[in-house]
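Okay, here's what each chain looks like letter by letter:
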Amino acid sequence: MSDNVKIPRTVDEVLAEFRDSGALLEGHFKLSSGRHSGHYLQCARVLMDPARAGRLAQAVVENIPSEVVEKVDVVVSPAMGGIIIGHEVARVLGKDSLFLERPEGTFHLRRGFALEEGAKVLMVEDVVTTGLSSREAIEAVAREGGEVIAECALIDRSEGSADLGVPFYPLAAFNFPTYAEDDIPDELARVAVTKPGSRKE
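Rules used in this analysis
Residues numbered from 1 in each chain as written. Predicted model: local features only at pLDDT ≥ 70, side-chain atom pairs only at ≥ 80, totals over all residues. Heavy atoms only, no water. Helix = DSSP H or I, 4+ residues; strand = E, 2+ residues; numbered from the N terminus. Buried < 20%, exposed > 50% of the residue type's maximum accessible area, 1.4 Å probe, protein only. Contact = heavy atoms within 4.5 Å. Areas by Shrake-Rupley, 256 points an atom, 1.4 Å probe, with all protein chains shown as cover. Lys, Arg positive; Asp, Glu negative; His and termini not counted. Charge placed at Lys NZ, Arg CZ, Asp CG, Glu CD. Arc of directions from axis to C-beta. Core = buried A, V, L, I, M, F, W, Y, C linked by side-chain atoms within 4.5 Å. Axes fitted to C-alpha atoms, helices over the stretch in contact; angles between N-to-C directions. Parallel < 35°, antiparallel > 145°, perpendicular 65-115°, else oblique. Left-handed = near helix turned anticlockwise from the far one by under 90°. Nonpolar A, V, L, I, M, F, W, Y, C, P; charged D, E, K, R; others polar. Pairing = 2+ DSSP bridges. Salt bridge = Lys/Arg side-chain N within 4 Å of Asp/Glu carboxyl O.

Here we look at the overall build of the protein chain
Helix and strand counts for the protein chain come out as seven helices and nine strands. With respect to the three principal axes, the spread of C-alpha positions in the protein chain is 50 × 45 × 30 Å. For the protein chain, with 201 residues in total, the buried portion stands at 49%. In the protein chain, 63% of the contacts between residues at least 6 apart in sequence involve partners at least 24 apart. Here the protein chain has roughly 10,100 Å² of accessible surface; of this, 47% comes from carbon and sulfur atoms. If the 22 positive side-chain charges of the protein chain are averaged to one point and the 33 negative ones to another, these points end up 4 Å apart.

Take a look at the structure:
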């Protein structure tokens, strides 16, 4: 990547990338985790510009300790949200990029993808809220014969509470409030709900 390209390294710089691409949405959203929020980070939109996706991926990789990066054999992401950022992170690392799918509700590799036995995997996500999808994806990699040695993500919305069972390196953490189904504030409940995530109900 050219030396004159500004890599977003601070929370404010990352948030600016979302704002500039119209990817920071306001309203009433039911997240993939099942929780509700007045804000939604639409990673597909922030990543639709390949140059911006490349800048963000470079920043993600720079945020991972070098001793972890050196061990990575392959990058794996959960579909759908993790595919683009996973591919871009793999490009930065010079590794292959695979993705997991769950057409029947359980993550597994398809499309001829396979992991070598014992492969050291970097899991790449777009946004982590509760960590549920990440944990399911990490378990799937183990079933496929690989070992997730760390996970990275563009955004951690868990306020640092997500326990993935592996080291976790988010580029930025945003603590937009989220609410359980039975604890939605009145002002948010009055707004029509949108379900922008990819998880099936």
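Quick word on helix H1 (residues 11-20)
Turn by turn, an α-helix covers 3.6 residues, leaving residues three or four places apart pointing in a common direction. Taken residue by residue, H1 has Val-14, Leu-15, Glu-17 and Phe-18 as its buried positions. The arc that holds the buried residues of H1, viewed along the axis, is 150 degrees, so those residues lie on one side. Along H1, the residues that are exposed and aim more than 90 degrees away from the buried face are Asp-12, Arg-19 and Asp-20. Against the buried residues of H1 lie strand E1 (24-30), strand E2 (36-41), helix H2 (43-46), helix H3 (50-62), strand E7 (147-156) and strand E8 (168-173). The first or second residue beyond H1 is Gly-22, which carries a positive phi of 70 degrees.

Quick word on the nonpolar core
Residues Phe-18, Val-89, Leu-122, Leu-154 and Ile-155 are the most contacted members of the largest nonpolar core, which totals 37 residues. When residues of this core are traced back to their parent elements, those giving at least two are H1, H2, H3, helix H5 (82-93), strand E6 (120-128), E7 and E8. Excluding anything up to four places from it in sequence, Val-89 contacts Ala-57, Val-60, Val-61, Val-75, Leu-122 and Val-124. Residues Leu-100, Ala-119, Met-123 and Ala-162 belong to the second largest nonpolar core, which totals 21 residues.

Some details on the packing of H3 against H5
A pair of packed helices can be characterised by two numbers: the angle between their axes and the separation between those axes. At a minimum axis separation of 8 Å, H3 and H5 run at an interaxial angle of 65 degrees. When the axes of H3 and H5 are compared, the pair comes out roughly perpendicular. Here the hand of the crossing between H3 and H5 comes out right-handed. Note on element contacts: H5 touches H3 through Ile-85, Glu-88, Val-89, Val-92 and Leu-93, opposite Ala-53, Gly-54, Ala-57, Gln-58, Val-60 and Val-61. Across the contact of H3 with H5, the residue classes tally to eight nonpolar, two polar and one charged.

A few points about the pairing of E2
Burial within E2 is extensive, with five of its six residues counted as buried. Here E1 runs beside E2; their pairing, made up of five bridges, is antiparallel. Considered in E2, the bridge of Glu-26 is made with His-39. With antiparallel pairing between neighbouring strands as the criterion, E1 and E2 make up a hairpin whose turn holds five residues, including Gly-34 at a positive phi of roughly 100 degrees. Pairing between E2 and strand E9 (residues 178-179): two bridges, direction antiparallel. For His-36, the partnering residue across the bridge sits in E9 and is Tyr-179.

Focus: the pattern of salt bridges
Within this structure, the stated rule accounts for 10 salt bridges. Between Arg-110 and Glu-101 there is a salt bridge, with its nearest N and O atoms 3.5 Å apart. Two residues, Lys-120 and Glu-147, come together in a salt bridge whose shortest N-O distance is 2.6 Å. You can see Lys-120 sitting in strand E6 and its partner Glu-147 sitting in strand E7, a full 27 residues away along the chain. Each member of the salt-bridge network shares a partner with another, and the members are Glu-17, Arg-52 and Arg-55.

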